[in-house]
Amino acid sequence: MAKNPVFKAGPIVLDVVGKTLSKEDIRRIAHPKTGGVILFGRNYQDRKQLTALTKAIKAVRADVMISIDHEGGRVQRCRTDGFTHLPAMKKLGDIWSNFGKKASAEHALLAMNAATSVGFVLASELRACGVDFSFTPVLDLDFGRSGVIGDRSFHRDPQIAATLAKSLNHGLQLAGMSNCGKHFPGHGWAEADSHIAIPVDERSLQQIMQDDAKPYEYLGLGLASVMPAHVIYPKVDKNPAGFSKVWLQDILRKQLQFTGVIFSDDLSMEGASVAGSVVKGAEMALKAGCDQVLICNRPDLADQLLNELVFNQKAFEVSRARLQKLMPSSAALNWDDLQNSPDYQRAIAQLKQLKLITV
């Protein structure tokens, strides 16, 4: 039996430029400060190409985690060549609340089972192509205010959102994949898009904790990782949540007793610009309590981080132990075997019956 690779992941998650690895991609992945590779739509052509790309990444560093944003709905990087086009999470919440125009316990159970099927299909298809992890589920609440969140949210009710997320996480787990709740403590109220602006949420800590942060409290040990929002909550801290010791250490770690991994959101986003340079942002995020930082779509900034980032090596050993737990612990089915799997066939049949998928 082959031994698992020595886990030496670093604090930086970066991307690759195209559909195959360039010499520069290989250099960045091999760097000891690199701990993960995140893929985007530009990195996907078809299943054969994706599988070849993930194998090439693992050939450079077997211990890096290959991740992707693959939620369903409008945030799904792989959509063709057999990948199931998964529904937006709001459709699961709608089953709970509106199926037959009247919510009932039966509809709630139907929505929960559908969420588990979505999670299983999502994770098993990705893992069949060599992807280890997806940044999902979204735990932001649907206040009807945030365009960037919108139908990515399960529901307005935090208990329903948490229950459906728990069911989806169970489906991920059945396929051997961990989960990531985002964007802590909540991006549903702030109207601005943190990709292009610096969102501000003026509500009180009490309001946020009684509403937006409730899914994190409800899910508890069921959350393997969390991604904080690039949102400023000025009545709590002057810094966005991802750079805030108040949010990450005092509230998330101590008050909510979260023990999993904390990822920063993408440091190239406008919402992270308040930190200054990308190096300053990464240092602030790690000191605030993040275990890893993401830098996407900017190879020049990735190089700057790899060259200049200074971090506490001893403290990062704690992060490394957390990160290792996110890596899949079992082998994945290949694509052909997956298609013949009774569990996969049942999940697909259920989603078709509910008209959540069309293929």
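Here the focus is the nonpolar core. General note: in soluble globular proteins, nonpolar side chains tend to be found buried as a group. Judged by nonpolar contacts, the single largest core of 112 residues is most densely connected at Leu39, Ile57, Leu92, Trp247, Phe263, Ile295 and Leu305. Here this core gets 11 residues from one element, more than from any other, and that element is helix H4 (residues 105-128). Those residues in contact with Leu305 that sit more than four places away from it in its chain are Ile12, Lys33, Leu267, Val278, Val279, Ala282 and Ile295.

Let us look at the sheet that holds strand E2 (residues 34-39). Strand order in the open sheet made by the 8 strands is E6-E3-E2-E1-E10-E9-E8-E7, with parallel pairing throughout. Pairing within the sheet leaves two strands with one partner each, and these edge strands are strand E6 (133-134) and strand E7 (181-184). Two strands pair when backbone bridges link them, and strand E1 (residues 12-15) and strand E10 (residues 292-295) are joined in this way by 3 bridges, in the parallel orientation. Counted as the bridge partner of Ile12 is Val293 from E10.

This part is about the packing of aromatic side chains. Within a pair of aromatic rings, the relevant descriptors are the distance that separates the centres and the angle that separates the planes. Applying the stated rule across the entire model yields 10 aromatic pairs. With a centroid separation of 5.9 Å and an interplanar angle of 85 degrees, the aromatic rings of Phe184 and Trp247 are classed as edge-to-face. With Phe184 in strand E7 and Trp247 in helix H8 (residues 245-255), this pair connects stretches of sequence that are 63 residues apart. The exposure classification of Phe184 matches that of Trp247, with both residues buried. Here the aromatic rings of Phe311 and Phe316 are separated by 5.6 Å at their centres, their planes lie at 75 degrees, and the arrangement is edge-to-face. Site record: aromatic cluster; members linked through ring pairs are Phe184, Tyr216, Tyr233 and Trp247. Taking NZ or CZ as reference, Arg145 lies 4.0 Å from the ring centre of Trp189, over its face.

Turning our eyes to something else, we now look at the pairing of strand E3 (residues 65-68). Going residue by residue along E3, you find Met65 and Ser67 tucked away on one face and Ile66 and Ile68 tucked away on the opposite face as well. Bridge count for E2 against E3 is 4 bridges, and the pairing is parallel. By the bridge assignment, Ile38 is partnered in E3 with Ser67. You can see the chain leave E2, run along helix H2 (residues 47-60) and come back into E3, and the turn it takes is right-handed. Here E3 runs beside E6; their pairing, made up of 2 bridges, is parallel.

What follows deals with the side chain of Asp211. With respect to the helices, strands and loops of the structure, Asp211 is situated in the loop between helix H6 (205-210) and helix H7 (214-219). According to the relative accessible area criterion, Asp211 is buried, its value standing at 13%. Apart from residues lying up to four places away in sequence, Asp211 is in contact with Leu141, Phe143, Arg156 and Pro158.

This part covers the environment of Lys245. Along the chain, Lys245 turns up in helix H8. Residues Lys245 and Ile208, 37 residues apart in the sequence, show an inter-C-alpha distance of 17 Å. Dropping the residues within four chain positions of it, Lys245 is found in contact with Asp237, Asp250, Lys287 and Ala288.

Below, the discussion takes up the pattern of salt bridges. Any two side chains of opposite charge can pair, given that their charged atoms come close. Overall, the coordinates contain 24 salt bridges when judged by the stated rule. Notably, a salt bridge pairs Asp211 with Arg156, separated by 2.8 Å at the nearest N-O pair. Of this pair, Asp211 sits in the loop between H6 and H7 while Arg156 sits in the loop between E6 and helix H5 (158-174); the two residues are 55 residues apart in sequence, bridging distant segments of the chain. Among the residues examined, Arg156 registers a relative accessible area of 36% and is labelled partly exposed. Here Asp212 ties to Arg203 by a salt bridge, and the two come within 2.8 Å at their closest N and O atoms. No difference in accessibility class separates Asp212 from Arg203, as the two residues are buried. One network of salt bridges, in which partners are shared, links Glu24, Asp25, Arg27, Arg28 and Asp303.

Turning our eyes to something else, we now look at the environment of Arg320. Inspection of the secondary structure assignment puts Arg320 in helix H11 (residues 313-324). Along the backbone, Arg320 and Val261 are 59 residues apart, and their C-alpha atoms lie at a distance of 9.2 Å. Within the structure, Arg320 has its side chain in polar contact with the side chain of Glu317 (distance 2.5 Å).

Criteria and thresholds
- Residues numbered from 1 in each chain as written.
- Predicted model: local features only at pLDDT ≥ 70, side-chain atom pairs only at ≥ 80, totals over all residues.
- Heavy atoms only, no water.
- Core = buried A, V, L, I, M, F, W, Y, C linked by side-chain atoms within 4.5 Å.
- Buried < 20%, exposed > 50% of the residue type's maximum accessible area, 1.4 Å probe, protein only.
- Helix = DSSP H or I, 4+ residues; strand = E, 2+ residues; numbered from the N terminus.
- Contact = heavy atoms within 4.5 Å.
- Pairing = 2+ DSSP bridges.
- Phe/Tyr/Trp six-rings, centres within 6.5 Å; stacked < 30°, edge-to-face > 60°.
- Lys NZ or Arg CZ within 6 Å of the ring centre and 35° of its normal.
- Right-handed = clockwise from strand over helix to strand, strands pointing away.
- Salt bridge = Lys/Arg side-chain N within 4 Å of Asp/Glu carboxyl O.
- Polar contact = N/O pair within 3.5 Å; in protein donor to acceptor, adjacent residues only side chain to side chain.

Nothing here speaks to function; it is all geometry.
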